[in-house]
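Coordinate analysis (summary)
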Amino acid sequence: MKKMIFGIMLGCIAAAFALCSFVIAALRPGVYNNTGGLLGSFLCADLLIPFIIAMIVMLTGIVICAVEAYSKKQ
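For the structure given in this document, a descriptive report is provided here. On a predicted model such as this, the values are computed, not experimentally measured, just so you know.

Within the secondary structure layout, Ser41 lies in helix H2 (residues 37-44). Since its relative accessible area comes to 4%, Ser41 is described here as buried. Ignoring any residue separated from it by four or fewer positions in sequence, one finds Ser41 in contact with Ala25, Arg28, Pro29 and Gly30.

If you want it as C-alpha cells, here you go:
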C-alpha cells in the first residue's frame, strides 16, 4: 500500500510539473532555428528536457501503481 501511495504522489507531482511546463511553453510562442510550433516553444523556453524528465517520472509513478494494484499478495 505504501508503494502505491508513493507511485500516486510521484505521478501527480510529475504531472503537475509537466502541465506547468506545457502551459509556459504554450503561452510563449517562439521559433528556434526554424523550428516553430510547440517544439520550438519548448526549445525557446528551455523546457524540453525538464518536460521529458517529468513525463518519464510520471510514467514511472503509473507503472509503480499498476504493479502494486495487480500484484498478488499472500
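Next comes the rest of the write-up.
For the structure shown, the criterion picks out two aromatic pairs. Put simply, the rings of Phe22, Phe42 and Phe51 pair up and form one aromatic cluster.

This part takes up the state of the cysteines. Per the counting criterion, the structure on display carries zero disulfides. Distance from the sulfur of Cys12, which forms no disulfide, to the nearest cysteine sulfur (Cys65) is 8.2 Å. With no disulfide of its own, Cys20 lies closest to Cys12 among cysteine sulfurs, the gap being 13 Å.

Conventions we followed
Residues numbered from 1 in each chain as written. Predicted model: local features only at pLDDT ≥ 70, side-chain atom pairs only at ≥ 80, totals over all residues. Heavy atoms only, no water. Helix = DSSP H or I, 4+ residues; strand = E, 2+ residues; numbered from the N terminus. Buried < 20%, exposed > 50% of the residue type's maximum accessible area, 1.4 Å probe, protein only. Contact = heavy atoms within 4.5 Å. Phe/Tyr/Trp six-rings, centres within 6.5 Å; stacked < 30°, edge-to-face > 60°. Disulfide = S-S within 2.5 Å.

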